[in-house]
Amino acid sequence: MSKEKFKPQLDPSAYLKVGNTGLKNWQAVNEIIANSIDSWISGGTKQDLAVRIDLNNKQNNLAKSSIRIVDNALGMEEEELKNLFSFFKSDKANSDFSDEYLGLYGFGFKAATSKIGTKVSVITSKSSDHFYKITVDYEELIKNDKNFELEIKKNKHDATTKKMFNGKSRGTVIEISSFNQTFPPQVLYDWLPISWKKFMTGEMYDKKLKLYIGENISNSNLLRPYNLNLDEQTKVDLLIPFEWVDSEKVKQKGKVTGYFGFRTKKGPNYGMPTQGLNVYRRGQLIERHNKSYFMDGSTQGHNSRNSMVGEINIEINVNTVKNAVEDTDAHEAMSTAINKEFKQY
C-alpha cells in the first residue's frame, strides 16, 4: 500500500456549505447515480450498468446511519479522485461525450454527500491491478482550518477486492455515514424508478441501468421502471419547436419531444397530484407531474385533467442541482410553445 496527500484549493468549510443547496436526500442519491452513469458513458456503455444502494437508516441514531452506493462503471484514476473532492474541476466538458453527460461542473458529488452526511469514503478502481481509497470527515476538516490535506491510499487488488464493484474489478463504492437527518428508504422506492426510467428501459442506450436496493445483486432487490399507466390508444407524440433570442442577440432554436395520453382506468394513484408531465433532460428526471406547461403557467392542477399524464424531453439548461429548469428567455419561449400545443387538445 502507498499513500499520497493533496490539498484541494478551497476553504474546508465549503464541503459542509454546499450541503445546503436545497437538495433532498433522494436527489442527493440521484446526483451520485448520475456520476455513475457519466462514468458508464465514458466507458462506451458496453455492458449493463449495475448500481446497488444499501441504506442503513437508524432513525434514532443518525451517527450510526449509512448509505453505500456501488457501481460497476469505468472507475477513476488517482487524479480523477482528487478532482472529485475539488470544486469545479472536471474534464467532462472536453470529452467526446460532453453532449451526453448529465453533469459537467464537478459540483454534484460534494453537494450530494454533504447533504446526506458528514463522513465520506470512496473506493474506486479503473484496473484489475489496484484500487484507490479516500476517507473524509467534513466536520473534522473545519477543525484543521486551511492547513488541511486529504490522503489517498493505493492498494493492490486481491481475489476479494476484484469483485467488490458488483462482481467486477473496476467501478466505484461511495459510503456516506453520520447522517444529518433521517433517510426513510421508501423515498428511494418512490423516486428512483421514475428518475431513471429512460435508462432502465433501454431508451437511452442498448444496454440498461439496473438499480438494486439491498445488500446484494438479486432479482428481489431489482427496481422496476416507473409506469405512467396511460391507455396506449390515447397516446399522442409531441414534437414542439420554439425559438428565442440569446444574450448575444442571436436567434436560437430548440425543440421539445415526448408524448402524453390519458389514464382510462382509475387506480390508487389516480388524482390531481399525479396528473401532468414528467420533465426529463438527457434521460434524467428534472421535474415530476408538471402542470404549468398545459395550464397556462399555473402550477395548480384541475380535477378535469386528472387522467392526463405524459413525458417531455427538454434540451435547455437546468439549475446546478438539476431539479428545476432555469428561468431564462429560452424557458419562457419553451413554456409558451408547449402551452400553445396543448390548447388544441
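A few points on the structure. Going along each chain's sequence as written, the residues are numbered from 1 onward. Only residues with pLDDT of at least 70 are given local features in this predicted model, and only at 80 or more are side-chain atom pairs given and counted; all residues enter the totals for whole chains, interfaces and linings. Note that water and hydrogens are dropped before the side-chain values are worked out from all heavy atoms of the structure.

### A word on the pattern of salt bridges
Opposite charge on two side chains lets them pair, provided their charged atoms get close. One speaks of a salt bridge when a side-chain nitrogen belonging to Lys or Arg is within 4 Å of a carboxyl oxygen belonging to Asp or Glu. Scanning the entire structure with this criterion turns up 11 salt bridges. Across the salt bridge formed by Glu140 and Lys143, the nearest N and O atoms sit 3.0 Å from each other. Highlighted residues: Glu140 and Lys143, both in helix H5 (residues 138-143), separated by 3 residues, approximately one helical turn. Classification of Lys143 as exposed rests on a relative accessible area of 62%. In this structure, Lys197 engages Glu311 in a salt bridge whose closest nitrogen and oxygen atoms are separated by 2.5 Å. Of this pair, Lys197 sits in helix H7 (residues 197-200) while Glu311 sits in strand E13 (residues 308-314); the two residues are 114 residues apart in sequence, bridging distant segments of the chain. Relative accessibility decides the category of a residue: with a 1.4 Å probe and only protein chains considered, values under 20% of the type maximum give buried, values over 50% give exposed, and everything between is partly exposed. The class for Lys197 is buried, based on a relative accessible area of 11%. Accessibility expressed as a relative area gives 1% for Glu311, which makes it buried. Bridged by salt links that share partners, the residues Lys197, Lys198, Glu203 and Glu311 form one connected network. Note on conventions: DSSP H or I runs of at least 4 residues are helices, E runs of at least 2 residues are strands, and numbering of each starts at the N terminus.

### Examining helix H6 (residues 186-195)
The complete set of buried residues in H6 reads Leu188, Leu192, Pro193, Ile194 and Ser195. Working rule for contacts: check all heavy atoms of both residues, and any pair within 4.5 Å makes them a contact. Next to the buried residues of H6 lie helix H2 (25-42), strand E2 (49-56), H7, strand E8 (209-213), strand E11 (276-281) and strand E12 (284-290).

### Quick word on the sheet that holds E8
Here, any two strands with at least 2 DSSP bridges between them count as paired. An order of E1-E6-E5-E4-E7-E3-E2-E8 is seen for the 8 strands of this open sheet, with the pairing classed as mixed. Edge positions in the open sheet fall to strand E1 (2-6) and E8, since each of these has one partner strand only. Here the average twist between neighbouring strands, direction ignored, is 15°. Inspection of the sheet shows strand E4 (residues 117-125) paired to strand E5 (residues 130-137) by 6 bridges, in the antiparallel sense. Bridge pairing in E5 links Thr124 to Tyr132. Strands E2, strand E3 (66-71), strand E7 (171-179) and E8 of the sheet are contacted by H2, whose axis makes an angle of about 155° with E2. On the sheet, helix H4 (residues 108-116) packs against E3, E4 and E7 and is oriented at approximately 130° with respect to E4. In this analysis, axes come from line fits to C-alpha atoms, helices being fitted only over the stretch in contact, and the angle between any two N-to-C directions falls in the range 0 to 180 degrees.

### Here's the deal with unusual backbone geometry
You will see that Asn229, though not glycine, has its phi angle at about 60°, which is positive. Taking the relative accessible area as the measure of exposure, Asn229 reaches 55% and is therefore exposed. Unusually for a residue other than glycine, Arg282 sits at a positive phi of about 55°. With respect to the helices and strands, the residue Arg282 is situated in the loop between E11 and E12. Since its relative accessible area comes to 25%, Arg282 is described here as partly exposed.

### Describing the environment of Lys291
Note that Lys291 resides in the loop between E12 and E13. On the basis of relative accessibility, which here comes to 10%, the residue Lys291 falls in the buried class. With 243 residues separating them along the chain, Lys291 and Asp48 place their C-alpha atoms 34 Å apart. As used in this structure description, the phrase polar contact means that two N or O atoms lie within 3.5 Å; if the pair is within protein, one of them must be able to donate a hydrogen and the other to accept it, and residues adjacent in sequence are counted only when both atoms belong to side chains. A polar contact is formed between the side chain of Lys291 and the backbone oxygen of His289, at a distance of 3.1 Å.

### A few points about the nonpolar core
Here, nonpolar core refers to any group of buried Ala, Val, Leu, Ile, Met, Phe, Trp, Tyr and Cys residues whose side-chain atoms link them within 4.5 Å. Ranked by size, the top nonpolar core spans 57 residues in total, and within it Ile37, Ile67, Phe85, Val122 and Trp196 carry the most contacts. If you tally residues by element for this core, the top one is H2, at 8 residues.

### Examining the packing of aromatic side chains
Here a Phe, Tyr or Trp ring, Trp counted by its six-membered ring, pairs with any other such ring whose centre lies within 6.5 Å, and the pair is stacked when the planes are under 30 degrees apart, edge-to-face when over 60, and tilted otherwise. All told, the structure shown has 13 aromatic pairs when counted by the stated rule. A centroid spacing of 6.2 Å and a plane angle of 45° characterise the contact between Phe179 and Phe183, whose relative ring orientation is tilted. Given the relative accessible area of 5%, Phe179 is considered buried. Judged by relative accessible area, which is 0%, Phe183 ranks as buried. Considering the side-chain rings of Phe294 and Phe342, the 6.1 Å spacing of their centres and the 50° angle between planes classify their relative orientation as tilted. On the criterion of sequence distance, the pair formed by Phe294 in the loop between E12 and E13 and Phe342 in helix H8 (residues 329-343) is long-range, its members being 48 residues apart. By the burial criterion, Phe294 is buried, and Phe342 matches it. One aromatic cluster in this structure is built from Phe260, Phe262, Phe294, Phe342 and Tyr345. Two conditions define a charge sitting above a ring: the NZ of Lys or the CZ of Arg must be within 6 Å of the ring centre, and it must be within 35 degrees of the ring normal. Across from the ring centre of Tyr280, 4.8 Å away, lies the NZ or CZ of Lys198, which sits over that ring. The lysine or arginine in question, Arg288, covers the ring of Trp191, its NZ or CZ lying 4.5 Å from the ring centre.

Interpretation note: all reported values are geometric properties and have no functional meaning in isolation.
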